[in-house]
Amino acid sequence: MSELILKTENLIKTYFLKQETIEVLKGINLEVKKGSFIVILGPSGSGKSTLLNILGSIDRPTQGKVYFDSIDLFSYNDNKLSEIRNQKIGFVFQFHHLLGEFSCLENIAMPALINGTTQKQAYTRALMLLEKFGMADKKNRLPDELSGGEKQRVAIARALINDPLLLLADEPSGNLDEENTNKLLEVFINLKNEGRTIVLVTHALEIARVVNQAYKLKEGRLYAL
Ligand SMILES: Nc1ncnc2c1ncn2[C@@H]1O[C@H](COP(=O)(O)OP(=O)(O)OP(=O)(O)O)[C@@H](O)[C@H]1O
Ligand SMILES: [Mg+2]
């Protein structure tokens, strides 16, 4: 339980624009233990997505380090990083980012196919994940033929297809009503109970009570709640 999956060292992210310099992250030190569920709260524009994107290696920090699974993440080039992402990190975006011309099953299976898994294995596992989220009957639907909550469950299934060490989710309930938000939070709580390591950015304050650690990001710094 005490094994660290993720550790950041003095993460700094600054955007240098023509007219101004925006210091978004001013020294973030975060540790995430294997099997823990971490929540990050904070006002709009405080840098939550910026931080999560760096944790998931989608974006590079201006300064500082991220150790993931004991490796210095940003010592690798972009090709190697996308390989690490594909194999070890599951990312759920705020607006699902499902591919509109592919079915649910195909969307979920895709990261496994990219990773060289056979079609049979990829689709079997994709179907298993859809079943787990109570959506097996919708496997052939296109994303546009699903509700917002259903799309997000498919996006979570896609993030889980390669059995990642870490699941990162950026406000997955951002555009859902209360009932669907609660359903989605339940999915994450169940995943935590299965031993998944999760970092979730959310506006749903009530989740903070049931996780291992909640933080607030404010003025570039992280405060434990
Ligand atoms: N590519 C960029 N170039 C310049 N500034 C950026 C860029 N991306 C984000 N920012 C700025 O960085 C700050 C943090 O943005 P970020 O998207 O991380 O906030 P957030 O906490 O996720 O907000 P929200 O809750 O609205 O999603 C904002 O002031 C934003 O304008
Ligand atoms: Mg955001």
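Nothing here was measured: the structure is a model prediction, and the numbers come from that model.

Rules behind the numbers
Per chain, residues are indexed from 1 in the order of the written sequence. Working convention: letters from A go to chains and numbers from 1 go to ligands, in the order in which they are written. Reporting in this predicted model follows two pLDDT cut-offs: at least 70 for local features of residues, and 80 or more for side-chain atom pairs to be given and counted; totals over whole chains, interfaces and linings ignore these cut-offs and use all residues. In short, DSSP must find at least two bridges between two strands for them to pair. Numbering goes from the N terminus for both helices and strands, where a helix is a DSSP run of H or I of at least four residues and a strand is a run of E of at least two. Each axis is a line fitted through C-alpha atoms, and for a helix only the stretch in contact is used; angles between axes span 0 to 180 degrees, taken between their N-to-C directions. Our contact criterion uses C-beta atoms placed from the backbone: two residues qualify when those atoms are within 7 Å. Nearness is defined per residue: the C-beta atom, placed using the backbone, must lie within 6 Å of the molecule or strand. Residue type decides the class: Asp, Glu, Lys and Arg count as charged, Ala, Val, Leu, Ile, Met, Phe, Trp, Tyr, Cys and Pro as nonpolar, and the leftover types, Gly among them, as polar. An angle below 35 degrees is treated as roughly parallel, one above 145 as roughly antiparallel, one from 65 to 115 as roughly perpendicular, and anything else as oblique. Each crossing gets its hand from how the near helix is turned against the far one by less than a right angle, where anticlockwise is left-handed and clockwise is right-handed. By this rule, a helix spans an expected 1.5 Å times one less than how many residues it contains.

Let us now look at the sheet that holds strand 8 (residues 166-170). As summarised here, the arrangement of the six strands in space is 7-8-9-4-10-11, forming an open sheet in which the pairing is mixed. The open sheet has two free edges, formed respectively by strand 7 (89-92) and strand 11 (221-224), since each of these has just one partner strand. On average, each strand axis in the sheet is tilted by 20 degrees relative to the strand beside it, whichever way the strands run. Of the pairings in the sheet, the one linking strand 4 (residues 37-41) to strand 9 (residues 198-201) comprises four bridges and is parallel in character. Looking at the pairing, Val39 lines up with Leu200 of strand 9. Each of strand 4, strand 8, strand 9 and strand 10 (213-218) is contacted by helix 1 (residues 48-55), which is oriented at about 155 degrees to strand 9, the strand it contacts most.

Before going further, it helps to spend a moment on the pairing of strand 11. Alignment of strand 10 against strand 11, held across four bridges, turns out to be antiparallel. Across the sheet, Lys216 pairs through a bridge with Tyr223, a residue of strand 11. Here strand 10 folds back onto strand 11, and the loop between the two strands holds two residues, one of which, Glu219, carries a positive phi near 45 degrees.

Here the focus is the site of ligand 1. In the neighbourhood of ligand 1, the contacting residues comprise Tyr15, Leu17, Ile22, Val24, Gly42, Ser44, Gly45, Ser46, Gly47, Lys48, Ser49 and Thr50. Mapped onto the shell around ligand 1, the elements with two or more residues apiece are strand 2 (21-28) and helix 1. With three residues, the single largest contributor to the shell around ligand 1 is helix 1. Of the residues belonging to the shell around ligand 1, the class tally is four nonpolar, seven polar and one charged.

Between two packed helices, what matters for the description is the angle formed by their axes and the separation of those axes. In contact at an axis separation of 10 Å, helix 5 (residues 148-160) and helix 6 (residues 178-193) are set at 15 degrees when each is read in the N-to-C sense. Comparing their axes, helix 6 and helix 5 come out roughly parallel. For helix 5 against helix 6, the interelement crossing comes out right-handed. Together, Gly148, Gly149, Gln152, Arg153 and Ile156 of helix 5 and Asn180, Lys183, Leu184 and Val187 of helix 6 make up the contact between the two elements. When its residues are assigned to classes, the contact of helix 5 with helix 6 shows three nonpolar, four polar and two charged.

A few words on the environment of Ile71. Summarising the element assignment, Ile71 is placed in strand 6 (residues 71-72). Residues Ile71 and Leu6 lie 65 residues apart in sequence; the distance between their C-alpha atoms is 9.3 Å.

What follows is about helix 6. Under the 1.5 Å per step criterion, the end-to-end length of helix 6 is 22 Å for 16 residues, consistent within 8% with the ideal 22 Å. In this structure, the buried side of helix 6 is in contact with strand 4, helix 5, strand 8 and strand 9.

Here we take up the packing of helix 3 (residues 104-114) against helix 5. The interhelical angle for the contact between helix 3 and helix 5, taken along N-to-C directions, is 30 degrees, at an axis separation of 7 Å. Classified by the angle their axes make, helix 3 and helix 5 are roughly parallel. Crossing hand, helix 3 versus helix 5: right-handed. Each of Cys104, Asn107, Ile108 and Pro111 in helix 3 lies in contact with helix 5, whose residues at this interface are Val154, Ala157 and Arg158. Classifying every residue of the contact of helix 3 with helix 5 gives five nonpolar, one polar and one charged.

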